[in-house]
Structure formats: structure tokens, C-alpha cells
Amino acid sequence: MSNSAQIGVTGLAVMGRNLARNFARNGYTVALHNRTAARTHALVEEFGHEGDFVATETAKEFVEALERPRRLMIMVKAGEPTDAVIQEFAPLLEPGDMIIDGGNAHFEDTRRRERDLRGQGIHFVGTGVSGGEEGALNGPSIMPGGSKESYASLGPMLEKISAKAPDGSPCVTHCGPDGAGHFVKMVHNGIEYADMQLIGEAYQLLRDVAGYSPAQIADIFRTWNTGRLDSYLIEITAEVLSHVDAATGKPFVDVVQDRAEQKGTGRWTVQIALDLGVPVSGIAEAVFARSLSGHADLRAASRELAGPKAKPLGESEAGAFADRVEQALYASKIVSYTQGFHEISAGSDQYDWDIDLGAISAIWRGGCIIRAAFLDRIRAAYDARPDLPSLLSDETFAQEIAAAQDDWREVLVAATRQGVPAPGFSAALAYYDALRADRLPAALTQGQRDFFGAHTYRRVDREGSFHTLWGGDRSEVEA
Ligand code: 6PG
């Protein structure tokens, strides 16, 4: 049957395959294409009963199977493989057709591709998709960029296959033009890194300072998951911590090498934040913590360095300490999201995307890796005040941090005394204290810069730029 498929998916590795099945299960006819046709046929053989698939073998057949305007989704590796697929298909398309890139592409690549294809009248829709394999099949959170026109055609389909938030609304929104969708997905992943790091620190403190076993910590996380920390990452943490290795009978977490890997989206979040001048210290510490964990030789060479070894608290004090850790985790989490949303807002200003921060928090409430009850409150904060200078300016979050801060500080005192690293908690608190400080040592930095490089400074009491003649009579001149 030609021209009958409403959408085509090329690249049928696990994410592409599951998205194709998700479209088919929702009643769409899906054209399938893969570099090796065996994978296409295997999909139809195994899952053909789930809906209407059109298996194709060549690029031409694939394009011909699509209704016009064509919607062609590419689910291949980011970088060169994506460019290669675009080069293969773009010449076969016509003005008005859409290429949707659902991979974890760098938003700058997406901007370039969108610009290049726009010249041919083809809409390029860089789309963040979060939720892993399971989400792709049963409902991911979807973050499309690209033109408004493409969203008008594609949006209803994405809404259908997306996750639904607890209030039933679809977890998809048009994030903004060109690379906005992939930018939002990048920051989502940066926040994901920060969330994971903070949870890791909470675990380490509960283990080394409070003296709990992984199974006991799993129970603590389960309890936390019924409160304000209710989230997918807390839920799966409890699962991972309660898992026992079948081969050794030890807690699973004790038989896994403590070297965290990364594919790079968290690193991009920090790189771009540096370019935009946005302090995302919590996300940066999460990226650095993964890098540090991977330096096995450096760690081996440093193990004998002086410092305290943690002495677990007695049972009577452990419970109260766990409550404090919950406060520290929650407060630090608010800071990570504050920093992540600041980056989205700065990106939006820089590239003229007009991103609606309330809408972004709304589509992260379901389907994605950072889904959490808490996002509903972020949405409410931005809906009430779209120009909120920062999440910390929201009265409810500010009150919660005010209530948490004593415990947050106490947890960091205990961590420091006992020699347990907590870079995420600590960076978050330093950010909070820096923001609320009356005066920062930046004044001294300016003085030093002026001393060694005549870089000038501004005064608190007069307009203008000034320089002190440090090598001379130390009089001040207007610069
Ligand atoms: C998601 C995930 C997904 C993937 C990350 C993991 O939103 O579904 O973020 O994109 O799991 O690429 O990233 P690292 O390998 O860098 O931890």
C-alpha cells in the first residue's frame, strides 16, 4: 500500500522500534525502515499484530509509503549517523515534509540541520524523547522543537503516544523553534545527573554516617517516595538498593564497580551553561563526580591520604539523621531545578525561543526520567508568575528551604567532620548562600584584576569605570 503511512521510523534499534510500536498501538500506520532490512522484518514478525506496519527495504520505498506531508522520524545515533541519514532522505522529500530527529542530538547540530533543510522547504524537528525503552513504548515525555507549522501537523500524534501527567494532560509541548527541543532535553539530562548525584550522596551518608544497610536504606527511600520526594528516580533507587546479587548473596550495590559512566548530555549542559554564563554548580558537581569516580589510578594513589573514617551513629541518633538527610536532599533538589530552569531561560533569551517554563515543568511530570510529584509545584509556580526570577523566589519553595536549611547545614557539618564527600549538597548550599549574601568577595576579585591587569572596576557610590594607579600614588582615575 503506498502513501498510506502517517509516520515513518528509520533506525529500529530499541528506542526506534519501541516508538514505532507505540505509534502503531495508537492506531497510526507506521512505515518502517532500517539500514539492515532483517531488523525491519523481525519487528513486523514479532509485533505485527500490534497495529499497521509497512515494512520497506529501500529509502525510496520508505518515502513512498508515507502520506503527504511526510513525517519521517529518524532514530539513529547522534552526530554523523544522523547527518548521513538526513543526506540519504532529504533529496527524496518535498517542501512541507518533516524530518523528526528523536535522538539525543546536540542542539547546535539541530539548529544547523534545521537551517539547512529550511532552504529546501523541509521542516526539521529536533525532538527530545525521555523515558528510556519503557517510555518509548508506553509513553515518553516528548520535547519537540522546530516550526509551529510542523507542530500543528505532528503535535496531535505526539500527544497521543506521549505519557500522560497525573491530571491526564499529555507530556508533550512545542518547546520553541529550531533547537529548543533538544536544548530542553539536554537540560533535562543535566538535572537528571544532579538528581542522581544528590540521591547518591544521601545514600552514602545514610550508609557511612547513619550506619544503615542497603536494604534499610531502600526502605527509607520507599518512605521518602510517599512524600514530597515522590519521583521515579527515588522509586528505582529503592529497587536497586534492595536487590541482592545472586552470585555472591551480597547487596547488588556492593558488587558493582564504583565508576560512573556518561554519554555526554550532562557534560553538554555544563559546557553550554559556561558559555551562557549561568551558574549550574549542582549539575557541574554531578558531572565532575562521575569523572572523579572513573579515575581509578588517581583514587588508588590517594587512598592513604589523611582524614577521618566515618564512624556510624548509634541507632538512637540514626533516625533523626535520616530525617535531616531528607531535608538536605529536598533543599538541594530545589536548587538543581532552579539552576536548570535558569539555563533554559537563558538559552531561550539567547536564541529567541520564547520557552514557556511552566509548560516544560508540566511535560516532565510524566514519562521522563526526572518525573516527580514536585514538578507539579514548579509548574504552579511558573503559571502563577511566568516572570519568576528564580524558583527560589517562589514563596512556597523559599519557605520550604527556610524550614530545611538548619538540617541541610547540619548534614554538611556531619559529612565534613566524618570525611564523606557531598559535593552536590555542598554546591547547592553554597549557591543558596551566595545568592542571599549582602556582599560577595567579587569586589576583592575586581580589585585584584585591576591591580594586575588594569581591568577597572565599578564603585558602589558613583557611575562609571575606575582604575587605581597601584604602581604609583594609588590615586583613582576614571577609566
Ligand atoms: C532519558 C535519559 C536518556 C539516557 C541518557 C543517559 O531521558 O530517557 O536521559 O536520554 O538514559 O542518555 O545518559 P548517560 O549515559 O549520560 O548517563
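Scroll up for the structure.
Okay, so let's go over this structure. (Residues numbered from 1 in each chain as written. Predicted model: local features only at pLDDT ≥ 70, side-chain atom pairs only at ≥ 80, totals over all residues. Heavy atoms only, no water.)

Focus: unusual backbone geometry
Cis peptide bonds are those with omega within 30 degrees of zero, and the linkage from arginine 68 to proline 69 qualifies with -5 degrees. Its identity is not glycine, yet aspartate 178 carries a phi of approximately 30 degrees, on the positive side. Looking at the secondary structure, you find aspartate 178 in the loop between α7 (148-161) and α8 (180-208). Despite not being glycine, arginine 474 has its phi angle at roughly 60 degrees, a positive value. As for its placement among the helices and strands, arginine 474 is situated in the loop between β9 (465-468) and β10 (476-478). (Helix = DSSP H or I, 4+ residues; strand = E, 2+ residues; numbered from the N terminus.)

Quick notes on helix α20 (residues 442-453)
The terminal C-alpha atoms of α20, which comprises 12 residues, lie 16 Å apart, in line with the 16 Å expected from a rise of 1.5 Å per residue. Looking one or two residues beyond α20, the residue adopting positive phi is alanine 454, at roughly 50 degrees. (Expected span 1.5 Å × (residues − 1).)

Remarks on the packing of helix α13 (residues 281-294) against helix α19 (residues 423-436)
Packing of α13 against α19 brings their axes to within 8 Å, and their N-to-C directions diverge by 160 degrees. Here α19 runs roughly antiparallel to α13, going by the angle between their axes. Here the hand of the crossing between α13 and α19 comes out right-handed. On α19, the residues touching Ser281, Gly282 and Glu285 of α13 are Pro423, Gly424, Ala427 and Tyr431. Taken together, the residues of the contact of α13 with α19 break down into 3 nonpolar, 3 polar and 1 charged. (Axes fitted to C-alpha atoms, helices over the stretch in contact; angles between N-to-C directions. Parallel < 35°, antiparallel > 145°, perpendicular 65-115°, else oblique. Left-handed = near helix turned anticlockwise from the far one by under 90°. Contact = heavy atoms within 4.5 Å. Nonpolar A, V, L, I, M, F, W, Y, C, P; charged D, E, K, R; others polar.)

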